[in-house]
Structure formats: structure tokens, C-alpha cells
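Residue-level structural notes
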Amino acid sequence: MGEDRIQRVSLRARVMDADRAAALIAPAATVAMSGFTGAGHPKAVPQALARRIEASHAAGAPFKINLLTGASTAPELDGALARADGIALRLPFQSDPEARRRINAGQMEYLDMHLSHLPQEVWFGFHNAIDVAVVEVAAIFEDGSLLPTTSVGNNKTWLDLGQRIILEVNAWQPLELQGLHDIYYGTALPPQRQPIPLIHGDDRIGQPTLRCDPERIAAIVLTDAPDRSNRFDPIDDDCRRIAGHLIEFLRHEVARGRLPAALLPIQSGVGNIPNAVLAGLAQAGFHDLGAFTEVIQDGMLDLLEAGVLRYASATGFNLSPQAEARFRDRLGSLRNRIVLRSLGISNHPELIRRLGCICMNGMLEADIYGNVNSTHVMGSGIMNGIGGSGDFARNGFLSIFMSRSTARGGSISTLVPMVSHVDHCEHDVAVLVTEQGLADLRGLSPKQRARQIIARCAHPDYRDALRDYFDRACRDSRGKHTPHLLREALSWHQRWLETGTMRTP
């Protein structure tokens, strides 16, 4: 099964089953695996490793690894290893329910970080040396180069630095992916760095394959298993309203001459609200758009197929089952309009700033001054992580954060006096949008921002309470620049923890 995809015949002798390959990973090893939002992750070796860890624990022997990836992965990787209690340290991003439970229970260490920072930090040696890299590929060519699959992520770094390499050659991944990727090998560490020669978002500046030293390939495992498909909820009225507010704002910016008619390259986070915004762009008559982002999801695929989007540059896919099937069917016609790059390029601050990206991301909560929490529930429990939103928010031309104005059946206001955790400070947030409205925060002082956010974004059930807090803070706080009542600033979160609602009695 799939051995014909190993065109370098001398490497076929290293084909083995997943259990033998997993036996090459020692306890306490630092293991780097491919994968980005459920695409392109190894399917067999992590599960075999999880079985080995469980057997070791049953025999009374400790066995955990430090796990690095591109971003979140799938149940076959994060889920299997978390259930086996096999992860000592996880970075840089996760979204698995069992991993999240263990992190929040204090049973697993987690380093949440900007995705663009990890490749550089690994190269600098800030983390342990990579003992083993486990990377999924679609084929191994005669010259030893590798055909990437549906995500690139940090695979270039893992293959460059992994002391031992395990490749999963996945026959489910279509060979027609060849030509989709652009792997740039021109980066260097300071002080030898040079400008990245990418001028337009769809420029190709690298090569279509990954390099790999054949001497470090310790094992090859043949698989035939699908990526994890995400299921998105149907677009509801709240999502449509959020999209409508944002589309109206973009039209206004075009009319004022602050954006071109074709906008600027768009970046979109993953989820139902971003999908609704992308659908709204097509319905609003925008065309000839470009996307310089980290993930291609259903909405972007729709825009590509409709001809609204000229190109999409990313590091991986995050598609529903229906969209995934469409992508595979139309891969031939889409291949020249999609570029998958290494994470160190797709999320590079220099490129995001120079291209002038319009960055649209979700949030858990924002406060009245525009600080955004995108990672922590009630201040201490991690949800997923900051992902690439920080890479784009700080460096983009427009930094937009979106959310419903309430959560948990209205018991939580997503607009609060003070966020319980800060991921994106007020200086990195240009626009807030809820189904209630849009607040353009550019050029406003803290108190001016507060008035806009409360009036335009807060839910009516909480608007008066926010105004009351703000008015009393303006009157009673020690400093008047960013007025806060410190005894009350986090009382809304404490009230929810104690009573199950943020509403005042």
C-alpha cells in the first residue's frame, strides 16, 4: 500500500509498521510532528506511540514526551497522546478537549505562544533539541525531496533540525497536490537575515517540495487515512449581522479612499463568524480579492470557486467534509490559485505589515477600552490558544476582532469592564464587531473608545451596567486616563463563577 510513492528506491528498506517506528521515540524525548488545524498530521505513529505509553504506564514506568507541532492537530495525535497521559509539555497551540482538560487540571504543561515565534525559537535553541520529527508527506521523489500534504506548518524546521526523522507517506493525500506548495529556503538567523522577496501575496519565491537528508530518515510508515474534517454550523442571524456590520464598514473605507476597491489581502480566523464574513464579501459585490492568511476554510474555498478571490496564500486547510470533497474534485483548476507556505512565511510580521493585511479574528471577550482576550475562560482556564491572531493583529493594516455580544445563553457578556486575560492589548485592536454593531477605535483616546464600545457593541442586557461602571470609574478612579474601579473591575467574572450569570441581582 503506497510503496510506489517512495520513488527513491533505496529508502523502501526503511518502511516499517507504526509500532516499530514509535519504538524509536524514547521517554522524555522532544518530538516535533506535522499538522495544522487537523490537516497534514501523522495518522499512525502518534496512535502507536500512545499505545506504547499506555503499556509503559501499566508496567509502572513513566513515559511522557514534549510535543511540538504547527498548531492544533486531531484526535489521532493530540487526543490519543493526551488520553494516554503521554504529554509533559505541549506547544504552541492546541484545541483537543482532552488535552484542554488536562492542561486546566494542571496535569499537562502548555506553552501558548505566537505561532510565528516558534520556528525562530527552535532554531535559536530556546527549546530542547528535536530528538525525533514525525512528518506526513504525500510522496518521496527520486532526489529525496518530499511532496508536502495539506499543511506545511513548521515541517521545514522539523526536517532541518530533527535528529531522527519518521515519515508517514499517506496515500489518501492526492499526488495532484504537487505544485501547490512554495517552500522558501532563503531565511537565515540574525545578523545574516535578508529581506524576504515576496512582493505580492501570490508570489512564489521557493520550491514545491521539502528537502530532507535521507541519512536522517529512520523510518517510513505507509498510511491511507483522511485529514480531520471540521463541521461548521449553519450561518445564523447573529453571524449575518456581524458580517453585515463589517461589510458596511469596508464599503465605507473604500468610499473614503482608505482601501482600494479590491481591498487589501484578507486574513481570517477559523469559525462560523469568519465564514459568514467571507460569504458576505461575495454577496456585497467585492471581487478581485486576495487572501494572505494562515488557514483556508470553507468560506475562502467558496470565494475561490466563485472567482471573487484571485488567490489564497496560507499554511494549511481547515475544511468541512463537503468542502474537502469539492477541493479534491477541483484541485486541478484551483492549484495555481492556492499557495501553501511554511508557517514562518505565512505568519511573518514583515510580510503582514508590508502587504497591509485586513485581519479578522474571533475573541472570547473585550473590555471597554479595547483590550481583547482570545484564550482564557474566566481568566485562568485555557480554551485553545492565541494561534496566529497576534501575528496578524499587531502587524496588519486593519486589526478586527469579532464575537457575539453574549455567551452561555446570555449569562456572559463578552464586553466587560476589564478582560480577565489580555492577549491583544488596546494598541493592537482597531475595530470591534458584535451583532449589535461595530466600533471603530482608530484615533480614539481610552475614554472615547469606551463610549463607542458600550454604545455600539454591548448587548442591551448589559449596556446600562457598563455605562454605570464607566461613569463611576470616571468620577472615582485615582487616574482619569483609563478609569477603573479596581475592586469592581473583575467582579463580573467573579459573579459568574459564583452565581452562573454576570447579570447584577
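In case you missed it, the structure is sitting above this.
Throughout what follows, the structure given in this document is the object of discussion. (Residues numbered from 1 in each chain as written. Predicted model: local features only at pLDDT ≥ 70, side-chain atom pairs only at ≥ 80, totals over all residues. Heavy atoms only, no water.)

1. Remarks on the pairing of strand 26 (residues 431–434)
- Of the two faces of strand 26, the one carrying Val431 and Val433 and the one carrying Leu432 and Thr434 are both buried.
- Looking at chain direction, strand 22 (residues 398–402) and strand 26 are connected through three bridges and run parallel. Paired with Met402 across the strands is Val433, a residue of strand 26.
- Bridge count for strand 26 against strand 27 (residues 437–440) is four bridges, and the pairing is antiparallel. Across the sheet, the residue bridging to Leu432 is Ala439, located in strand 27.
- Hairpin geometry of strand 26 and strand 27 is characterised by an intervening segment of two residues between the two adjacent antiparallel strands. (Buried < 20%, exposed > 50% of the residue type's maximum accessible area, 1.4 Å probe, protein only. Helix = DSSP H or I, 4+ residues; strand = E, 2+ residues; numbered from the N terminus. Pairing = 2+ DSSP bridges.)

2. Side note on the packing of aromatic side chains
- Overall, the coordinates contain four aromatic pairs when judged by the stated rule.
- Pairing Phe124 with Phe126 gives two aromatic rings, centres 5.5 Å apart and planes at 15 degrees, and the pair type is stacked.
- We classify Phe124 as partly exposed; its relative accessible area is 35%.
- The class of Phe126 is exposed, set by a relative accessible area of 55%.
- Consider the rings of Phe317 and Phe327, whose centres lie 4.5 Å apart with planes at 45 degrees: the pair is tilted. Taken together, the positions of Phe317 in strand 15 (residues 316–318) and Phe327 in helix 10 (residues 321–329) put the pair ten residues apart, joining distant regions of the chain.
- Assessed through its relative accessible area of 5%, Phe317 is described here as buried.
- Across the ring face of Tyr185, the terminal group of Arg211 is positioned such that the distance to the ring centre comes to 4.0 Å.
- Lying over the aromatic face of Trp172, Arg328 brings its terminal NZ or CZ to 4.1 Å of the ring centre. (Phe/Tyr/Trp six-rings, centres within 6.5 Å; stacked < 30°, edge-to-face > 60°. Lys NZ or Arg CZ within 6 Å of the ring centre and 35° of its normal.)

It is worth stressing that arrangement in space is one thing and function is another; only the former is reported here.
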